[in-house]
Each structure stands twice: as structure tokens, then as C-alpha cells.
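So the chains spell out like this:
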Amino acid sequence: MSEPASAPPERTSRARLPLRVRWSFWRIVLLPLQLLWAMLLVQSLIGSLVVVGWTYRLIRRSVIKRWWAQSGRQSGETFVDFLSARPDLKSHSRWPNWIVEQDFSSSWKEVDDSGRWPGGRLLKSLFHSLGLNLKLGLQAVANTWVLTLPACALWLFGWHAGWINSFTKGYESASVGPLIGWSGVLLFIVVMMYLPMAQIRQAVTGEWRTFYQFTLISTLIRHSPLQCLGLALLYSLTSFPVLVLKTIPGYLPQINPALTDADPARVREILNGYFFWCALVVLAGFVFLRWVAGRIYASAVLRARRSGDLERSQLVGSERRLLEDLELIPLRALSRGNWLRRVVGQTLGSVGRLIVVGLTAAVWFSFVVQIFVFQFLTYQSGIGWLNQPLVQAPWFRYLPASVANPWGPVIVFVFLILIALVLRAAWGWLDRLRVQERLSPGTGSR
Amino acid sequence: MKASAREAPAIPRRRFLKRLVAGAGAVVGTANLGVLAQPRQRPRYEGPNIIIIRFGGGARRRESIDPAHTFSPYLCHDLVPRGVLFKNMMIDSFQPPKGVDTSHGQGTLYILTGKYVKYRDVEGQFLGQRFEAPVPTVFEYLRKSFDIPDHETLIVNGEDRTAEEFYNFSNHHLFGVNYRSQTLSLFRYKTYLLRRQIDAGLWAGAELEQKQKELETMEAVDYRTSGAPDSREILDFWGRWRSYYGESGLVNPRGDRLLTELAVRALRQLRPKLMMVNYNDCDYVHWGYMSHYTRGISIMDLGIRQIMRAVEADEEYRDNTILVVVPDCGRDSNPFVPVPCQHHFGSRSAHEIFSLLMGPGIARGQVVDHPVDQTQLASTIGALMGFEPAYAEAAPLEEAFL
């Protein structure tokens, strides 16, 4: 594994051009296929988790590249060169794979070198990225759900309680529904002030626990208030076309009156095709928002370090090593940013910050308002409230109950997670058994 | 068929002709006097009473008159065999269609005026439902034709759609406010109560000023009547309501059950000749719960049963009351969404309604399959009560008459 790092530099430079050309060619060929694959994945809850995991890996690469660019090394080496020299980062030299291991070709080489067929290793390589994407996606969405689901559930229950009460004219408890709903709205706004940066932190470190580094993440947010406002605005703007797409099926019979009498099979066929192509927009929005958040995060970390608000010890090992390698830690002279940032930075006092925070909250409120308005236009019961494709899982498929059980994918998801947990426990038990046998051989025969 | 809906029936029934001639004479006699003129002596009304049930807001045939899927068993199993069911009534089946809206306020006015008009909110408010009919309502035709006091022509309205309280007269220069019907609703009761409380000196100082402003605002909503006081009968009605249900608003029935209660009490106390009950609660389905729709239909069904019991228990109304059940609009049957019941976008299903007519002079146990129009009801009511709705655009439902 250390061979590539110790390879002579001339070999790297000679191989650079052909590799790039080859990579560009394959990228052109594979990109549409990858896109179609991703569009297919977001048609199911589990598939959308794979997309989330893949996106997190992509964002990690993007943040590393951003830091590398900030370090001023472009003149001396390419990004790929930089990564190739570091075994722990080498896998990021290309965009993340969907299914096979990142350097899948080396697995084949290992087969050739050993002369034997390492079936287990190959099998693992074949599905390594798929498993990794799923694992990271599951961790990512689970963390996101921890913070967002309570608010979304409050929307659901607030809407339910409010309209049930309105229907029965329960004047005496008229405030219950709106109070629940508003609590959810406020909670969601507070969560969303934090969430995008926390998601990126988790993506960059690859550790789910870092999602909950409240002090560190708050520091980063404090160091990029305008950027966070801009990100909220992007979320709100991106949300609009996504919600329009979610609502359009309700108007298909108006667009084409012949569809009014479509039977369930035809409805399913039409909606399958419709939501498949909608995924193009949803995916673009989902990845784009995280890419922007990644850039904000990358800059915020450096700004926070420069100001001394972010201690070296607060960073996780891999992140610290990377920043040290790039000589971004300890403090080094960095660009002070453009004139606008400097002026804004100087003039923003505590009142200014409060205004920006207020504006950011207002923009997140506009995001929530859209959800409520579009729920009125075409109501999607539980899923419509509990999963926002741009925030949580990019699962974008709303079939009416007459066509498919809307909770079916959730049930399948829970079932598969349970199976995975049982298998993992069984594997662990077998492992322990094997270790015990190794430590005390022959115990079993006695 | 579309053309025949607009033409007069080829062979009108004897009763229809008799009443039509009597009513037309009265209308012609007073038509040129205008709203400011003192009405001439009008004949006493001796025809049948009519109760129009607006089966709304917005109900599909499937959950109403389809025996396999109905949530309205009394209507479907008890009343339909006793009357004529127009199971293929449409909103705007004209060819080419007029392109009118399928909604509650609009549908109510199509029923009352017999004319499809593209209505716009008078204040231009988005989704506003404050419409003013340009042609007379059946209440105006009736009161101009016969000597009927306003409290005997009633709209019973719900608490959610205040704008629909004011469909009780048109802007037509030959009819209008002098021939209006009265409205019974919680809004009217609140206005009555607030005035009484102010008159009783319940408040003083700033609080009194605030209450007076509140009252002004409430009374100004009915701006076309220029603050004309309610008749003694209406005031007595609310007085009795107040002594029975109190002032809190927490004792009386709520939602569409309130409309039933108002209608039943009105039958006993105001003795209406023509009354329209604007049920509306099934429209809650807009917010995403199908059960609100089906439950709303069941509550209406119970309401109709209560009203019919009140009618049958009253000697004056029994055998002399015609029931007209008609939705203000249909609802979508959209297979692409979980709750397929909007109605604002002109889908075919939102145009598809039905109507049941039942009572003296109406055929029994008949089901009419061919398409008829919602606007034909105004002419039909005119024919049954003996007035000519001169500005209605469609002919009566001929099959209804014996």
C-alpha cells in the first residue's frame, strides 16, 4: 500500500496526463449512467440513504480540495498528487464510487500478484462503496432525523389536531393545534440554523458523533453568519421547484383530461416515470446545497482558527493532520477576503449579528411556509411532513394509497435495518467465539 | 340535450302552467316599479313550501347517491325512492361550456338565480367569495310575485363562510334589497347579541367604544341593506335562541349541526315558505383528511333527516313541502393524489352533481339518467311556487312534475 507514496516523482508526472485523459473519458461515459443510477436510488427510502452517503463522501472531497486550494499549493502539485501521497486520503482522488471499492483495479492486481483467488476480498471490493454509502447515509440521515423529526412530527400533529378541532368546532381547545404547529415551526427554524453546518461536519470527519459538537459547530456558524443566511436563502429558493414538482401530479388530470379515468396500473406507470425524472432536480438541489454548505464550512474552519476561536484540539485527528499537512495549522497568513467581507466584518456588531440571525430565521420560516402551502395544494399525509427531500433523505416518490401503500417503503426499511442489526450481532458473536477458541485451543473437544 | 335544457318544455304540466300564469302576472305587474317603488298589492302565497338543501360544500355522486359507497344512507335509501333523482345533473354542461367556476359561492348562486355567471369577489380579494348576483334570486322572484314577508324566505348559513350570507338578493335594478330574504347564522346572532349587550349598558368607557366599533364593523359587512333593522320576527327568533342557548356560543350545536338546529327552529318559529340550508362541512377535505368529507356528508344526512321529521311533524308543512337536495359543486376524482377531492380546477368530476326533488306535485321513485343542468333548478322552483324566473337561462326540470 505504501508503494504509490514512495514511487519516484518522474513516474507520477509521466503518468499524470494519460491518467487524466483516461479519467475524463470515463467520466463523460459514466456520468450519465451514474446520474441515472442515483435517480433510480432516490425512488426508495433505502436507495436515498445510499445517495446521502455518496453525497457526504463527495462533500468531504470537496472540502479537502477547498482547503488544498486555500493552502496555495496549486503551483507545486495537483490535487490528485497531493492526495496520492497520503494513504488515508488517496481514495478521494476521484469522485466517490457508487458500488465498487474506490481503487477497485488494485483488488484485481492483488489477485494477479498472489496467484490465488481471494474471493472474500473481491466480493468485499465489489460492493465496498455501496456498503460504505449506505452506512454513511444511514448515519447521516439518522442524525438529521434526531434533530428534525420532532419538529416535523409537531407539524403533522399540529395540522391534524388543528383541522380535527376546526371540523368539530372545539372552540374551547382551538389553540391546541396552532400551538403544536407553531412549536414545530419554531423548533425547525432553530434546528435549521444549526443543521446544515453539522451535516457537513459529519461528512468531512466521517464520524457521526461530530454532528453533535454543538460548541464547535456554533463557533463555525458564528464565523459565517452572512454565508449561513445565503445558504438558508438557497434552501428556500431550491425548495420551491421541488415542492412544485411534488404537487404537479395532483394537476395531471387538468393538464390531460384523459388521465381522469386512468386505472391504478396506469397511474402507477405514469407516476413512476414522473418521479424518476423529477429526481434529476431533487438530486441536483440536494447535492448543490451540500456543496455550498461545504464551501462555507471550509472557510469557516479557517476563519475560526485564524481568530483563535477554534482550538487545534477541537479538531478530529484526520482533520487536524490534513490541516497541518496543508500548513493551515498553525496559523498562517491567509487572504483576508474580499473588500465586501472586510467591510461587513468590521461593521457587524452584536446588533448586526442579531439582524442577520433574525433574517436567517425569517428565511427558514419562508422555507417552512412553502411546505405548509404546498401541503394544502396537494396533501401528502405523513411522509409529506416527516421527510423534506432537501433536508433529510432525498426520497422523492409520492404514490397515492390506491396505487401503493405509502408506508410500505418505511416498513421495508425498518425490517432491513433490523435484519442488519441481527446479522451484525451474530457476526460479532461468531467473532468472539473464534477468538475464544484461538485463545484456548482444544477446549471444545474436551 | 344541452339545447333542450335551455328551451321551454314542449308540454308543460297543468299544475306548472297554472302556477306559472299566476306568478308571471304578478311579476309583470310589478316589474317596472324598481326597488324604490312601493310594491303593489300582491296575492297571498298558497303554494307549497320549498326547502333547498345545499348538499355541500362540494359532494360527489359516489359518496352521496351511489348505494354501494354512500355515506348518506337516509338520502340514498329513504328519500330517493320518494322523489325524482336527477343523477346526471351537471354544472355548465352547455356546448360550448361557459367555463364557470365550480365552487361553493358560485354554485349557490347558480342554484338561486338559474344563471351561470363568472363571479369575481366584489373587493377583488384573492379567494374571496363575496359575490353579487346580477340577476334576481328565487327569493326575490317569490317575494315580488306574492305577499310574503322577508322572514318567510330564509338562507340558513354556516359560520365558516360569512360571505355566503349575502346571497339573499341581487343587484338587479328591478328586484334587489326590497325583495331580499333573511339570513339565519351565528354571525347574525353575534351581531344581534352585541347590539343588545351595548343597549343594555354592559360596557362603559373605552370598552364600550371598542364594542361599538366592533358592532359597526359587523354591521357594515351587510353594506347593501344600509343598516336596515331586522324585522320583529327575526329579533324574536334570536331572543328565543338567546334565552335557550345563552350568550357563550358554547351551548348551541356547532358546525353543520348548527344549521340543522337553526332550520328546525325556523320551521317552527318563522314558518318559511322558501328556505335554503347551506351545509358546508364536508369541504374540510381540502385540508387533507378524507374522513372530514365522509363525516361531513353523514352529518348532513342526519340534518336532512331531522328537518324532514320536523316537516312531517308539522301539520302545515306535512304534505305541502318540497325538498330539493343539490350540491353546490362536485369534487375531483383525481387518481394521482392521496386525497382526490379538490374542486377548484374545473375537472369533469367537479362539474358532476345530482339533485333530488321530493314532495307534493313531484313524481315518486323516478331516476332521470340524461344530463340536466344545475341552473334548471331555479326555473323548476319557480314553476313549483308559481313565479317566472325571467332571467334564469334554463328551462324547468320537466321530469320532476307529476
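Structure shown above.
Residues numbered from 1 in each chain as written. Chains lettered and ligands numbered in written order. Predicted model: local features only at pLDDT ≥ 70, side-chain atom pairs only at ≥ 80, totals over all residues.

J.: Describe the overall build of chain B, with residues and values.
T.: Looking only at helices and strands, chain B has 13 helices and nine strands in total. Expected size for 402 residues packed as a compact globule is a radius of gyration near 21 Å; at 20 Å, chain B falls within 12% of this value. Its C-alpha atoms put chain B at 65 × 55 × 45 Å along the principal axes. For chain B, buried positions account for 51% of its 402 residues. Long-range pairs, those at least 24 residues apart, make up 74% of the contacts in chain B between residues at least 6 apart in sequence. (Helix = DSSP H or I, 4+ residues; strand = E, 2+ residues; numbered from the N terminus. Rg over C-alpha atoms; globule rule 2.2 N^0.38 Å. Buried ≥ 20, exposed ≤ 12 C-beta atoms within 10 Å, placed from the backbone. Contact = placed C-beta atoms within 7 Å.)

J.: Lay out the overall build of chain A in plain terms, naming residues and giving numbers.
T.: Of regular secondary structure, chain A possesses 16 helices and zero strands. Looking at chain A as a whole, 35% of its 446 residues qualify as buried.

J.: Residues and numbers for the interface of chain A and chain B, please.
T.: Between chain A and chain B, the residue contacts involve 24 residues of the former and 20 residues of the latter. Elements that contribute at least two residues to the side of chain A that touches chain B include exactly helix 6 (119-168), helix 10 (252-255) and helix 11 (264-307) of chain A. Residues of the side of chain A that touches chain B, tallied by class, amount to 14 nonpolar, eight polar and two charged. (Nonpolar A, V, L, I, M, F, W, Y, C, P; charged D, E, K, R; others polar.)

J.: Please provide a residue-by-residue account of the pairing of strand 5 (residues 274-278) of chain B, values included.
T.: All names here are of chain B. Within strand 5, five of the five residues are buried, which leaves it mostly tucked inside the rest of the structure. Burial along strand 5 is two-sided: Leu274, Met276 and Asn278 and Met275 and Val277, pointing in opposite directions, are all buried. For strand 1 (residues 49-54) and strand 5, the ladder comprises five bridges, and the chain directions are parallel. Paired with arginine 54 across the strands is asparagine 278, a residue of strand 5. Relative to strand 5, strand 3 (residues 153-156) runs parallel, the two being bridged by four bridges. Along strand 5, the bridge assignment pairs leucine 154 with methionine 275. (Pairing = 2+ DSSP bridges.)

J.: So what about the environment of B:Leu259? Which residues, and what values?
T.: Residues and elements named next belong to chain B. On the secondary structure map, leucine 259 appears in helix 10 (residues 256-269). Spatially, the C-alpha atom of leucine 259 lies 26 Å from that of serine 379, the residues being 120 residues apart in sequence. Filtering out sequence-adjacent residues up to four positions away, leucine 259 remains in contact with Val156, Gly158, Val277, Asn278, Tyr279 and Gly303.

J.: Pulling in residues and values, what's your account of the pairing of strand 6 (residues 321-326) of chain B?
T.: Residues and elements named next belong to chain B. Where burial is concerned, most of strand 6 is hidden: six out of the six residues are buried. Residue alternation in strand 6 divides its side chains into two sets, Thr321, Leu323 and Val325 and Ile322, Val324 and Val326, and both sets are buried. Pairing geometry for strand 1 and strand 6, over six bridges, is parallel. From the neighbouring strand, asparagine 49 faces strand 6, where its bridge partner is threonine 321. Of the strand pairs in this sheet, strand 6 and strand 7 (residues 352-358) are connected by three bridges, and their pairing is antiparallel.

J.: Could you give an account of helix 13 (residues 376-385) of chain B, with specific residues and numbers?
T.: For helix 13 of chain B, the tally of buried residues reaches 10 of 10 residues, placing the bulk of the element in the interior. Turning to helix 13 of chain B, its buried residues are B:Gln376, B:Leu377, B:Ala378, B:Ser379, B:Thr380, B:Ile381, B:Gly382, B:Ala383, B:Leu384 and B:Met385.

J.: Help me get a handle on the packing of helix 3 (residues 45-70) of chain A against helix 11 of chain A, residues and values and all.
T.: Residues and elements named next belong to chain A. It is the contact of helix 3 with helix 11, at a shortest axis distance of 9 Å, that shows an interaxial angle of 35°. Along this stretch, helix 3 crosses helix 11, giving a crossing that reads as right-handed. The segment helix 3 lies against helix 11, with Val51, Thr55, Leu58, Ile59, Ser62, Val63, Arg66, Trp67 and Gln70 engaging Leu283, Phe286, Val287, Arg290, Trp291, Gly294, Arg295, Tyr297, Ala298 and Leu302. A class-by-class count of the residues in the contact of helix 3 with helix 11 yields 12 nonpolar, four polar and three charged. (Axes fitted to C-alpha atoms, helices over the stretch in contact; angles between N-to-C directions. Left-handed = near helix turned anticlockwise from the far one by under 90°.)

J.: With reference to specific residues and values, describe the environment of A:Trp407.
T.: Residue and element names in this part refer to chain A. Mapped onto the fold, tryptophan 407 is located in the loop between helix 15 (382-386) and helix 16 (408-439). A residue is classified by how many C-beta atoms lie within 10 Å of it, and tryptophan 407, with 13 of them, is partly exposed. Between the C-alpha atoms of tryptophan 407 and arginine 312, which are 95 residues apart in sequence, the distance is 46 Å.

J.: Quick rundown of the packing of helix 9 (residues 225-247) of chain A against helix 14 (residues 350-377) of chain A? Include the residues and the values.
T.: Residue and element names in this part refer to chain A. Between helix 9 and helix 14, the shortest axis-to-axis distance is 9 Å and the interhelical angle comes to 5°. Taken together, the axes of helix 9 and helix 14 are roughly parallel relative to one another. For the contact of helix 9 with helix 14, a count of residues per class yields 17 nonpolar, six polar and two charged. (Parallel < 35°, antiparallel > 145°, perpendicular 65-115°, else oblique.)

By themselves, these observations are geometric and do not establish any function.
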